[in-house]
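# Structural overview
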Amino acid sequence: MTPIDRIPEMAALSAGRQLIRIPPEIDIPLTDRVRAVIDTAEFRRLSRISQLGLVSLVYPAALHTRFEHCLGVYRLALVYLRQLATDARFTDTVRPEEAEIFIVAALLHDLGHWPFCHPIEDLCLPSVPDHELFANSFLLEGELADVLRDDWGIHPRDVISLLSEKPADPASRILKSMLSGPIDIDKMDYLQRDSLHAGVPYGRHFDEHRLLGNLCLNATGDGLAIRDKGKTAAELMVFARYVMFSEVYWHHAVRAATAMFQRAFYLLHGSLELDALFRGTDETMVAEMLRVAGDSPAAELLTGLFGPARRLYKRVLQMSFLEDRELYHRLARRPYPWLVACAEQFAILCSSALGQVVAPHELLFDAPPVTREVQFDVEIHFPKEGCYRTLDEASPVVRTLATEQFDDYVKRVRVFAHPRIVDRLRGLPSFRNLLSEAIDRTE
């Protein structure tokens, strides 16, 4: 038994005592000090923040919370440590006290998320903080900070350093790659959990046990790698992520809801007390946004999402790297204020073409955000050959899905319209020309 195996949470994982269960039939070991963390108000708040937010408007069972996800990630942290504790290079580099910080960081990795966090962050507004930095305010003072110091003997700043700072030494680089990397514990959990609750198979079609059983360190000994026997499992994980984006996260109706919420938030954000808003829950954020919206256009957008009857905008036009490529490139990765200005110009042109007023908030552009998804890049160890190769070198599947602009093939540009005008807009023979003119006017 290694010193890492003697960490109380590692022992609890093997002992099968003091467990709670989360889907799908996964037992989570709870030591007294883990229970102390998850019982704090800061952590309990995550039980009232949906993991997938607006996705539940399309996949109605996707109501799981960030609380559940964090428990799943915490358990995977223990499983990763158990596997890597058999690697002498890992145990020579990572001390037990550093492994304990990693366990806490895994449990708290989503602490800074607020409701509907990713759609809001994608707007890149100056007044919106980075969610990883926002977590610092929960960690540096209050009940949770006291628990870390008193129950764990851990300084909160050490957790912050692992979660949000650039790692400066080999041990930190290894642990950071386990938290946030190509095959990290976060992706390993959310792909399967989101797939399970959405009721789709795509995120569960990779061999988790094979992948976990072949974790090792990379050639330089400062990050995760996979032995060659786990290569197929890694390929399937890449494909699972691709299909989950295509069929769930960027489903056209999910993106319609996202575009509606983003425009409402954009219209209101200058009148919202963001620090207080982001410390709340789904319910309190929606209530406050509706209160501030009053009878403004933002209220109509929010009522369509959260009112007694769902009223999503409809897709009028869709563009991708393969279809309408020129228009796609003219709209993709534009700053959000520019997209709003362009949509307003488009509404003016459509009003003239239809002979009726199209309000600015009744036409929404949804485009891939400025920041791209992190590409999947991990080393594969071939013991018999005594070498390492990157997965994209060893796999044509990964080379296609992960290195040839993953975002361009999954994240389309879409134009959504209010249901009252969608049929007339679809009938306009000059629709694309009007869109091109709107872009010209906004340039």
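The written sequence of each chain sets the order in which its residues are numbered from 1. The predicted nature of this model means local features are confined to residues of pLDDT at least 70 and side-chain atom pairs, given and counted, to a pLDDT of 80 or more, with totals for whole chains, interfaces and linings taken over all residues. To obtain the side-chain values, all non-hydrogen atoms of the structure were used and water was disregarded.

### Some thoughts on the overall build of the protein chain
Under the convention used in this document: Counting from the N terminus, the helices are the DSSP runs of H or I reaching at least four residues and the strands are the DSSP runs of E reaching at least two. With C-alpha atoms as the basis for the radius of gyration, the globule rule is written as 2.2 Å multiplied by the number of residues raised to the power 0.38. We call a residue buried when its accessible area falls under 20% of the maximum for its residue type, exposed when it is over 50%, and partly exposed in between, using a 1.4 Å probe and counting protein chains only. With residues, only the protein chains shown are counted as cover, and all accessible areas are computed by Shrake-Rupley using a 1.4 Å probe. Neither His nor the chain termini are counted; the positive set is Lys and Arg, and the negative set is Asp and Glu. Each charge is placed at NZ for Lys, CZ for Arg, CG for Asp and CD for Glu.
In terms of regular secondary structure, the protein chain is built from 26 helices and nine strands. A compact globule built from 443 residues would reach a C-alpha radius of gyration of about 22 Å, and the protein chain, at 23 Å, matches this within 12%. Seen through its principal axes, the protein chain has C-alpha atoms that stretch 80 × 50 × 35 Å. In the protein chain, buried positions account for 57% of the 443 residues. Counting every atom, the protein chain has about 18500 Å² of accessible surface; 50% of that belongs to carbon and sulfur. Averaging the positions of the 50 positive and the 62 negative side-chain charges in the protein chain gives two centres separated by 5 Å.

### Focus: the sheet that holds strand 3 (residues 215-217)
Hydrogen bonding along the main chain pairs the strands of a sheet, whether they run parallel or antiparallel. Counted only if it meets this: At least two DSSP bridges between two strands are required for those strands to pair. Axes here mean lines fitted to C-alpha atoms, for a helix over just the part in contact, with angles spanning 0 to 180 degrees between N-to-C directions. Contact definition: two residues touch when any of their heavy atoms are within 4.5 Å.
Reading across from one edge, 3-4-7-8 is the order of the four strands in this open sheet, with mixed pairing throughout. Either end of the sheet is taken by a strand with one partner, and the two such strands are strand 3 and strand 8 (387-390). Strand after strand, the sheet turns through a mean of 45° between neighbouring axes, direction not considered. By the bridge criterion, four bridges tie strand 7 (residues 379-382) to strand 8 in an arrangement that is antiparallel. When the sheet's bridge partners are listed, F382 is paired in strand 8 with C387. Where helix 4 (residues 66-84) meets the sheet, it contacts strand 3 and strand 4 (224-227), and its direction lies at approximately 65° from that of strand 3.

### Some words on the sheet that holds strand 9 (residues 413-417)
Pairing is antiparallel in the open sheet, where three strands are placed in the order 5-9-6. Edge strands, defined here as strands with exactly one partner in the open sheet, are strand 5 (314-319) and strand 6 (363-366). Shown here is a sheet whose adjacent strand axes are inclined to one another by a mean of 20°, direction ignored. The pairing of strand 6 with strand 9 spans four bridges and is antiparallel. Residue pairing across strands places L364 opposite F416, the latter belonging to strand 9. On top of the sheet, helix 21 (residues 336-354) reaches strand 6 and strand 9; it is set at about 140° to strand 6, its chief contact.

### Focus: the pairing of strand 2 (residues 26-29)
Examined bridge by bridge, strand 1 (residues 19-22) and strand 2 share four bridges and lie antiparallel to one another. Bridge pairing in strand 2 places L19 opposite P29. Taking the residues between adjacent antiparallel strands as the criterion, strand 1 and strand 2 are bridged by three residues, where E25 takes a positive phi near 55°.

### Quick notes on the state of the cysteines
Rules: Note that a disulfide, as used here, is simply two cysteine sulfur atoms within 2.5 Å.
The tally for this structure, following the rule as stated, stands at zero disulfides. No disulfide involves C117; its nearest neighbouring cysteine sulfur is the one of C124, lying 12 Å away.

### A closer look at the pattern of salt bridges
Heads up, the condition is: For salt bridges, the criterion is a side-chain nitrogen of Lys or Arg within 4 Å of an Asp or Glu carboxyl oxygen.
Throughout the structure, instances matching the rule amount to 24 salt bridges. Across the pair E100 and R33 runs a salt bridge whose closest N-O atoms are separated by 2.6 Å. On the criterion of sequence distance, the pair formed by E100 in helix 6 (residues 96-108) and R33 in helix 2 (residues 32-38) is long-range, its members being 67 residues apart. Where D110 meets R66, a salt bridge forms, and the shortest distance between an N and an O atom there is 2.9 Å.

### Observations concerning helix 13 (residues 185-198)
We apply this condition: Expected helix span is computed as 1.5 Å times (number of residues minus one). Counting of polar contacts relies on pairs of N or O atoms within 3.5 Å, with two restrictions inside protein: one atom must be capable of donating a hydrogen and the other of accepting it, and residues adjacent in sequence are counted only when both atoms are side-chain atoms.
An ideal rise of 1.5 Å per residue puts 20 Å on 14 residues; helix 13 measures up with 20 Å between its terminal C-alpha atoms. Of all 14 residues in helix 13, 12 are buried; the element is thus mostly enclosed. Listed in full, the buried residues belonging to helix 13 are I185, K187, M188, D189, Y190, L191, Q192, R193, D194, S195, H197 and A198. Its side-chain oxygen at 2.9 Å from the backbone nitrogen of D186, D184 defines the N-terminal cap of helix 13.

### Description of the environment of D222
Considering the arrangement of structural elements, one finds D222 in the loop between strand 3 and strand 4. Spatially, the C-alpha atoms of D222 and L46 are 32 Å apart, while their sequence positions differ by 176 residues. Excluding its chain neighbours within four sequence positions, the residues that come into contact with D222 are P170, R173 and I174.

### Considerations on the side chain of D110
By the secondary structure assignment, D110 is in the loop between helix 6 and helix 7 (117-121). At 2.9 Å, the side chain of D110 and the side chain of R66 are in polar contact. There is a polar contact of 3.3 Å between the side chain of D110 and the side chain of H109.

### Observations regarding the packing of helix 16 (residues 252-268) against helix 19 (residues 297-306)
Inclusion rule: Crossings are assigned a handedness: left-handed for a near helix turned anticlockwise from the far helix by less than a right angle, right-handed for a clockwise turn.
Put simply, helix 16 and helix 19 touch, their axes get as near as 9 Å, and they point 145° apart. Regarding helix 16 and helix 19, the two cross each other, and that crossing is left-handed. Taken together, the residues of helix 19 that come into contact with helix 16 (itself represented by A257, M260, F261, R263, A264, L267 and L268) are P297, A298, L301, L302, G304, L305 and F306.

### Notes on the packing of aromatic side chains
The test is simple: Think of it this way: a Phe, Tyr or Trp ring, Trp meaning its six-membered ring, pairs with another when their centres are within 6.5 Å, and the plane angle makes it stacked under 30 degrees, edge-to-face over 60, tilted otherwise.
Inspection of the entire model under this criterion finds 15 aromatic pairs. Judged by centre distance (5.1 Å) and plane angle (80°), the rings of F245 and Y249 are edge-to-face. Pair noted here: F245 and Y249 are both in helix 15 (residues 231-249), with a separation of four residues, about one helical turn. According to the relative accessible area criterion, F245 is buried, its value standing at 7%.

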